[in-house]
Amino acid sequence: MSKKVILAFSGGLDTSYCAKYLSETLGYEVYAVTVNTGGFSKEEEKELEKKAFNLGVKEYRCVDAQEDYYNSCVKYLIFGNVLKNNTYPLSVSAERTIQAQEIAKFAIEVGADAIAHGSTGAGNDQVRFDLIFQVMCPNVEIITPIRDMSLSREEEIEFLKSHGYEMEFQKAQYSVNKGLWGTSVGGKETLTSRNYLPEEAFPSQIKETQPSELEIEFKNGEVVAVNGENFAHSVYAIQNIEQLASAYGIGRDIHVGDTIVGIKGRVGFEAAAASVIIKAHHLLEKHTLSKYQQMMKSQLSDWYGNWLHEALFLDPVMRNIESFLDDSQKTVSGKVFVTLHPYRFILNGIESKHDLMSDKFGSYGEANRAWTGEDVKGYTKIVSNSLNIYHQINN
């Protein structure tokens, strides 16, 4: 019997090459798996299935992991207001981790002898896939033809043609990776340190120019309603906000960061929903959490985002941080009011029964109801005492 290999299949040139190479050169039974984390429509899924079978795979499966992706990862990126280098909502970093887990589960389910992916040897994804596979199914061989043979695009195309497979081989000017939590965009500009991406590089073009109001309702830190409409799951609320905000070109930027493999990298992205939701959620937290809750959350959230980016999602410390983040959201409920404009948005304010900015305790700069001026005089004398001693001795 032929050995079974599970192929992480996107339908692009690299994974198309892998499908043919694994079956016709190495003699494997190829089980192609696409994991949908928000990047494919039903029509696109059907096209991927057709393409996979045309490449000679034995079986094709598309796993809808959108809700699992949100429940296990995206939710905590919102709770933590996670933006890598204060810029990037970790769109692809989070996706690859979840996709790798789903592929590993399938490999275990069918008793696969090997798992294959189409990563090159130059990026982060190779580490994310390899690490998850090595932890979840350590006895399954990992095959990476593109990386192992350092194949050029031209070599891959020639191989496919020689094996009777025709596809649209023309390379797109920009590489686009779409998912629930954002879309990455790469091109010649992102290979330099100088240039920004042109308008046409972004998949979502501006359709709206007049301002519009957006109301986002959170319950325990999760988006549950948009403009008064309730959703069965936060995934669909996120998709709704993405549709509304991307029409204004909101959430575009270029992220510069340190890759897992030790070099600096630059990638463009558009993440309208992620940008609006994170900032709206953060504003609601500033009204409903204590000063020290916010300080501790900020530190742990930075670590959470960094470890996720570095492919360490399965480290048990991540579950510990998630427990903290879950507990921190008990009072993060209410509405946030946003105005959408071309390329930007304004956070107008919030309404929440947990709002700590209550005028019954006082109004900043206007009136106090819980203390007197004499109380403040005594307080500042005590607080300043250690500083007075230090500066008088070290004058």
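Basis of the calculations
Residues numbered from 1 in each chain as written. Predicted model: local features only at pLDDT ≥ 70, side-chain atom pairs only at ≥ 80, totals over all residues. Heavy atoms only, no water. Pairing = 2+ DSSP bridges. Helix = DSSP H or I, 4+ residues; strand = E, 2+ residues; numbered from the N terminus. Axes fitted to C-alpha atoms, helices over the stretch in contact; angles between N-to-C directions. Domains from an automatic or database assignment. Buried area = accessible area lost by both parts, 1.4 Å probe. Salt bridge = Lys/Arg side-chain N within 4 Å of Asp/Glu carboxyl O. Polar contact = N/O pair within 3.5 Å; in protein donor to acceptor, adjacent residues only side chain to side chain.

1. Some points on the sheet that holds strand E2 (residues 29-36)
Turning to step 1, where the next piece is worked out: On the basis of which strands lie adjacent, the open sheet formed by 5 strands has the order E3-E2-E1-E4-E5 and parallel pairing. The outermost strands of the open sheet, each flanked by one partner alone, are strand E3 (59-64) and strand E5 (141-143). Within this sheet the neighbouring strands show an average axis-to-axis angle of 25°, counted without direction.
Turning to step 2, where the next piece is worked out: Sheet topology places strand E4 (residues 114-116) next to E5; 3 bridges connect them, and they run parallel.

2. Quick notes on the domain arrangement of the protein
Turning to step 1, where the next piece is worked out: What the domain assignment lists for the protein is domain 1 (4-163), domain 2 (176-288 + 331-351) and domain 3 (362-394).
Turning to step 2, where the next piece is worked out: Here the C-alpha centroids of domain 1 and domain 2 sit 26 Å apart.
Turning to step 3, where the next piece is worked out: Regarding the contact of domain 1 and domain 2, the summed buried area is about 2,600 Å², with carbon and sulfur atoms giving 63% of it.
Turning to step 4, where the next piece is worked out: The three residues of domain 1 that bury the most area against domain 2 are Tyr70, Ile78 and Asn81, which together make up 22% of that side's buried surface.
Turning to step 5, where the next piece is worked out: Counting across the interface, domain 1 meets domain 2 through 0 salt bridges.
Turning to step 6, where the next piece is worked out: One can count 16 residue pairs in polar contact (both at pLDDT 80 or more) joining domain 1 with domain 2.
Turning to step 7, where the next piece is worked out: Secondary-structure elements contributing two or more residues to the side of domain 1 that touches domain 2 are helix H3 (66-79), helix H4 (91-110) and helix H5 (125-136).

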